[in-house]
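Observations on chain architecture
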Amino acid sequence: MDKWLKRRKFNDDNSDNDNVRDQVNEPTPGTRKNTSCSKKYVVHRKYNDDFLKFGFTSTIENDIVVPECMICGFKLSNSAMVPSKLQRHLVANHPSLSTKDKSYFERSLSSKIKQVTVFEKQVCVSEKAQVASYEIAELIAVNLKPHNLAEEIILPACRKIVKTMIGGSADINICKIPLSNDTIHRRIKDMSENIEQNSAKTLANSNFALQVDETTDITGNAQLIAFVRFIHENDIIN
């Protein structure tokens, strides 16, 4: 009976299967296997004016619009910009305001914007006030006067002069000029560093004459003084 049985050759079959598997996995000539991963497209939610009835306004965080609670200032993620999640925050954290309508939050938002605007006007220093501060610091440095002179003498004198001659709210604008002792010290230090950098840059590209001598300051301490003369744009600079 054995001669009528057909036996399978496992080794040959396995080798044939391996060859077939290799042929399947092997890329065909002229084709390239795509190994790049597809990027997931993220959709960012947009703010709707109707969200104001839940006490939420919008703000920018990392170039993404996120909802911000105008009551406590808490910021939610962009994915939470849906009515159900905004209402949940209002009811859970501010239950006393959960029954308020949209007009209430509109009035609150308008009042908040006005307060911020008034605060910025009172706190922010204008460019003219900064320039005046530097000019007064330069006068104090040139005349070798103490730094607190600006705050104790110059500022009150300017207020009286402006109030008498001009009147109105001019003396209030004068008070916005930063003239404290530390401010004048920083102004003089900044101007000294700027003069030193510009002088070193100019002297590096020109011929100059240098004279060094010893002197004393107002306290009697010895100081080294240097006198430099050079030509800059057809002018003699000392």
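Every value quoted in this text rests on a predicted model; they were computed, and no experiment measured them. (Residues numbered from 1 in each chain as written. Predicted model: local features only at pLDDT ≥ 70, side-chain atom pairs only at ≥ 80, totals over all residues. Heavy atoms only, no water.)

**Describing the overall build of the chain**
Cut-off, in case you're wondering: Secondary structure elements follow DSSP: runs of H or I of four or more residues count as helices, runs of E of two or more count as strands, with numbering from the N terminus. Exposed residues in this analysis have more than 50% of their type's maximum accessible area, buried residues have under 20%, and partly exposed residues fall in between, with area computed by a 1.4 Å probe over protein chains only. Between two residues, a contact is recorded if the distance between any of their heavy atoms is within 4.5 Å. Accessibility throughout is a Shrake-Rupley quantity obtained with a 1.4 Å probe, and a residue counts as covered only by protein chains that appear here.
The number of helices and strands found in the chain is 7 helices and 5 strands. In sequence order, the chain lays out its α and β elements as α-β-β-α-α-α-α-α-α-β-β-β. By the burial criterion, 18% of the 238 residues in the chain qualify as buried. A separation threshold of at least 6 residues defines the contact pool for the chain, and within that pool the share at least 24 residues apart is 42%. Counting every atom, the chain has about 19500 Å² of accessible surface; 53% of that belongs to carbon and sulfur.

**Side note on the sheet that holds strand E3 (residues 208–216)**
Quick note on the threshold: Two strands pair under a simple rule: DSSP has to find at least two bridges between them. The axes used here are C-alpha line fits, helices contributing only the stretch in contact, and every angle between their N-to-C directions lies in the interval 0 to 180 degrees.
Strand order in this open sheet of 3 strands is E3-E4-E5, and the pairing throughout is antiparallel. Each end of this open sheet is capped by a strand with a single partner; those strands are E3 and strand E5 (235–237). Sheet twist, expressed as the mean angle between neighbouring strand axes with direction ignored, is 15 degrees. Where E3 lies against strand E4 (residues 222–232), 9 bridges are found, and the strand directions are antiparallel. Its bridge partner being in E4, aspartate 213 is matched across the sheet by isoleucine 225.

**A look at the packing of aromatic side chains**
Inclusion rule: Aromatic pairing here means that ring centres of Phe, Tyr or Trp (its six-membered ring) are within 6.5 Å. Orientation follows from the plane angle: under 30 degrees is stacked, over 60 is edge-to-face, and everything else is tilted. For a Lys NZ or an Arg CZ to count as sitting over a ring, it must be within 6 Å of the ring centre and within 35 degrees of the ring normal.
Evaluation of the coordinates by the stated rule reveals 2 aromatic pairs. Ring centres of tyrosine 47 and phenylalanine 51 lie 5.7 Å apart, and the angle between their planes is 75 degrees; this geometry places the pair in the edge-to-face category. The class for tyrosine 47 is partly exposed, based on a relative accessible area of 23%. Lying over the aromatic face of tyrosine 104, lysine 100 brings its terminal NZ or CZ to 5.1 Å of the ring centre. The lysine or arginine in question, arginine 187, covers the ring of tyrosine 134, its NZ or CZ lying 4.6 Å from the ring centre.

**Here's the deal with the layout of surface pockets**
Condition: We place a 1 Å grid over just the protein atoms. Points where a 1.4 Å probe fits but has no way out form a cavity, open points with protein on both sides within 12 Å along at least 5 of 7 lines form a pocket, and any residue with an atom within 4 Å of a point lines it. Grid points are joined across faces, edges and corners, and a volume is the space filled by probe spheres set on the points. Under the convention adopted here, Pro, Cys and the residues Ala, Val, Leu, Ile, Met, Phe, Trp and Tyr are nonpolar, Asp, Glu, Lys and Arg are charged, and Gly plus all remaining residues are polar.
As a volume, the largest pocket reaches approximately 170 Å³. Taken together, Ser199, Leu203, Ala226, Val228, Phe230, Ile237 and Asn238 form the lining of the largest pocket. Within the residue set of the lining of the largest pocket, elements represented by two or more residues are helix H7 (181–203) and E4. Looking at side-chain class alone, the lining of the largest pocket contains 5 nonpolar, 2 polar and no charged residues.

**Describing a nonpolar patch on the surface**
In plain terms, the rule: Surface patches are drawn from residues lacking salt bridges whose relative accessible area is over 30%; two like charges belong together within 9 Å, two nonpolar side chains (Val, Leu, Ile, Met, Phe, Trp, Tyr) within 5 Å. Put simply, a salt bridge is a Lys or Arg side-chain nitrogen that is within 4 Å of an Asp or Glu carboxyl oxygen.
The grouping of Phe208, Leu210, Val212 and Leu224 at the surface amounts to a nonpolar patch, some 430 Å² of accessible area in total. For the nonpolar patch, the element with the most residues is E3, which contributes 3 residues. Relative to the assigned elements, valine 212 resides in strand E3.

**Things to note about the pattern of salt bridges**
Per the counting criterion, the structure on display carries 2 salt bridges. For the salt bridge of aspartate 50 with lysine 102, the shortest nitrogen-to-oxygen distance reads 3.6 Å. Placement of the pair is aspartate 50 in the loop between helix H1 (10–25) and strand E1 (56–61) and lysine 102 in helix H3 (residues 102–123), with a sequence separation of 52 residues. By relative accessible area, which is 27% here, lysine 102 ends up partly exposed.

**A word on the nonpolar core**
For clarity, the threshold we go by: Throughout this description, the term nonpolar core refers to a set of buried Ala, Val, Leu, Ile, Met, Phe, Trp, Tyr and Cys residues connected via side-chain atoms within 4.5 Å.
Counting 13 residues, the largest nonpolar core has Ile136, Ile140, Ala150, Ile174, Ile177, Leu179 and Ile184 as its most contacted members. Listing elements by their share of this core, those giving two or more residues are helix H4 (127–142), helix H5 (149–165), helix H6 (170–174) and H7. For this core, the leading source of residues is H4, giving 4 residues. Leave out the neighbours within four places in its chain, and isoleucine 136 touches Ala150, Ile154 and Leu179. Listed in part, the 8 residues of the second largest apolar core include Phe56, Leu76, Ala80 and Met81.

**What about the confidence of the model for the chain?**
Stated formally: Every residue is assigned a pLDDT by the predictor, reflecting its confidence on a scale from 0 to 100.
With 79% of its residues at a pLDDT of 70 or more, the chain shows a mean pLDDT of 79. In the model of the chain, H1 stands out as the element of lowest mean pLDDT, 48, in contrast to helix H2 (residues 83–93), which has the highest, 90.

**Concerning the side chain of threonine 183**
The condition that has to hold: Whenever a nitrogen or oxygen atom comes within 3.5 Å of another N or O atom, the pair is scored as a polar contact, on the condition that within protein one atom can donate a hydrogen and the other can accept it, and that pairs from neighbouring residues in sequence are kept only if both atoms are in side chains.
The topology assignment puts threonine 183 in helix H7. Side chain to side chain, threonine 183 and serine 180 meet in a polar contact 2.7 Å long. Threonine 183 has contacts with Ser133 and Pro178, leaving out every residue within four places of it along the chain.

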